[in-house]
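So the chains spell out like this:
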Amino acid sequence: MTNLDPYLAIYFITFVALILLQVPISYAMLASGFEFIVFNHQSFVMFAQRTANALADFNMLALPAFLFVGCFMNEVGLTDRIFTMAEKWIGHLTGGLAHANILASMIFAGMSGSALADAGGLGTMEVKAMSDAGYDRNFSVAVTAASAGIGPIIPPSINFVVWAFLSQCSTLAMFQAGMLPGILMGVAMMVWVVVAVKTQGIKCPTVPKSSWHDRFKYTWEALPALGGPAILVLGIMTGVFTPTECSVVAALYCVVMAICLKRFNMKMLTKALRDTLVSAGMSMCLCATGLIFNWVIVTSGLIGWMTNLLMGLGSKVLILLVLNALLLFLGCFIGSMQILIMVAPLLMNLANALNMSYIQMGVMAVLNVTLGLITPPMAPALFVTAKATGNNFESALKYTVQFLIPMFATLMLVTFWEPLTMWLPRLLGAA
């Protein structure tokens, strides 16, 4: 049995107490690490070394660039063209604008890599379009918040970049592994829309079927907005660019596109850069302090103890179900990136013990914590969407939580059917 650090309870109490006091989680991690070093007479050089290693990692350069792409696309205002194009193609189906909402989120996911960027960017326009067409407003908010969860799965994904950094696996392979689960999640949500509309009597009027002329016309108008996702996805999938290079190319494309369409101005660029710096600073700080925190919980014996405890269940199926339950519980109270950073050592230990690849374990973990975006009490994606559209959080919650059903079904397939995540990376030679 793994020996536990006698001061482990003090580190844990400090960490939890600081979080309850609403101290930023990065500082709570740092405080626990400081206590560990003092009590165990370790060198403070460890702080500098591990922080420097986190900030100097080449793959982490992709993170601010992807964040800039999402922020800048919101400022340029071309995301509405994506939704309009989707509406023209599938708006006439049962729950058609809800399907268009989900499809637009799948496309925008290939640009922003962030669920909250999707909710804040497309969200306002999507909810307004659905409400104007006579759709139930609470259902419109629910679809928008839930479909935003596709952002962290379809490449590029900020959470995949962080997981690849923590586990030292290929960022390219992580992006490729997320493609099929992301598409499957979108399809599953569309199926659920039809089920919900027909069984619950939700007000979702159909819109007239568009002519082929209109479909191609609005697709042509959406091409500038579609160029970014095309560059990212094709560049990453084919290996023409590394993820870091691809993020910079996509950022440059967005700026050039805005200039060509005469939508560029310095105020827009300044705001996008400011938002990017805020988000990137928080994320980089989390990763840097997360390495120290991970070192603490591994060295203290906690991860070894938890691994032995879970492995004592004996069944791989039961172990993975309990692990998913633990991640889902944490996702109700803590942000997705914070969870990944905190539990990365445990996930890697279990992946080794269960003979799972870090890639499959990473996709499972990211998809799992994505469910927390619409899981009460926090449900940040729903909160952002409701606030941006002026809707009531509680009223939309009853429809939002229903989308946990298709998301959970996708999670179980990712967890127990390895080819869903590993087939594409193996086919393209990244794994």
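Whatever comes next refers back to the structure up there.
Please read these numbers as outputs of a predicted model, since none were measured by experiment.

(A) Local environment of the nonpolar core. Within the largest apolar cluster, 138 residues are counted, with the highest numbers of intra-cluster contacts made by F72, F139, W163, L323, M361 and F403. Look past the residues within four positions of F72 in its chain and what remains in contact with it is C254, V255, A258, F264, M268, L269 and A272. In this structure, L8, I37, M46 and F47 belong to the second largest nonpolar core, which totals 9 residues.

(B) Representation of the state of the cysteines within the structure. Evaluated as defined, the whole model comprises 0 disulfides. Left without a disulfide partner, C260 is nearest to the cysteine sulfur of C254, which lies 12 Å away.

(C) Region of interest: helix α3 (residues 45-55). Taken as a whole, α3 has its buried residues at M46, F47 and A54. Angular distribution of buried residues about the axis of α3 spans 105 degrees; they occupy a single face of the element. In the core, the buried residues of α3 are packed alongside α2 (25-39), α10 (158-167) and α14 (266-299).

(D) Examining unusual backbone geometry more closely. Backbone geometry places Q22, a non-glycine residue, at a positive phi of 65 degrees. For Q22, the location among the structural elements is in the loop between α1 (8-20) and α2. For Q168, which is not glycine, the phi dihedral falls at a positive 60 degrees.

(E) Quick look at the packing of aromatic side chains. Within the structure shown, the criterion is met by 10 aromatic pairs. Here the aromatic rings of F139 and F403 are separated by 6.4 Å at their centres, their planes lie at 35 degrees, and the arrangement is tilted. Here F139 is found in helix α9 (residues 137-147), whereas its partner F403 is found in the loop between α20 (393-400) and α21 (404-416), with 264 residues between them in sequence. Neither F139 nor F403 differs from the other in exposure class; each is buried. Grouping aromatic residues by their ring pairs yields a cluster made of Y7, Y11, F36, F39 and W295. Lying over the aromatic face of W212, R215 brings its terminal NZ or CZ to 4.6 Å of the ring centre.

(F) Focus on the environment of I339. Topologically, I339 is positioned in helix α17 (residues 336-353). Taking relative accessible area as the criterion, I339 reaches 0% and is therefore assigned buried. In sequence terms I339 and A148 are 191 residues apart; their C-alpha atoms lie 19 Å from each other. Those residues in contact with I339, other than ones at most four positions away along the chain, are L327, L330, G331, I334 and V369.

What counts as what
Residues numbered from 1 in each chain as written. Predicted model: local features only at pLDDT ≥ 70, side-chain atom pairs only at ≥ 80, totals over all residues. Heavy atoms only, no water. Core = buried A, V, L, I, M, F, W, Y, C linked by side-chain atoms within 4.5 Å. Buried < 20%, exposed > 50% of the residue type's maximum accessible area, 1.4 Å probe, protein only. Contact = heavy atoms within 4.5 Å. Disulfide = S-S within 2.5 Å. Helix = DSSP H or I, 4+ residues; strand = E, 2+ residues; numbered from the N terminus. Arc of directions from axis to C-beta. Phe/Tyr/Trp six-rings, centres within 6.5 Å; stacked < 30°, edge-to-face > 60°. Lys NZ or Arg CZ within 6 Å of the ring centre and 35° of its normal.

This is a description of form; function is not addressed.
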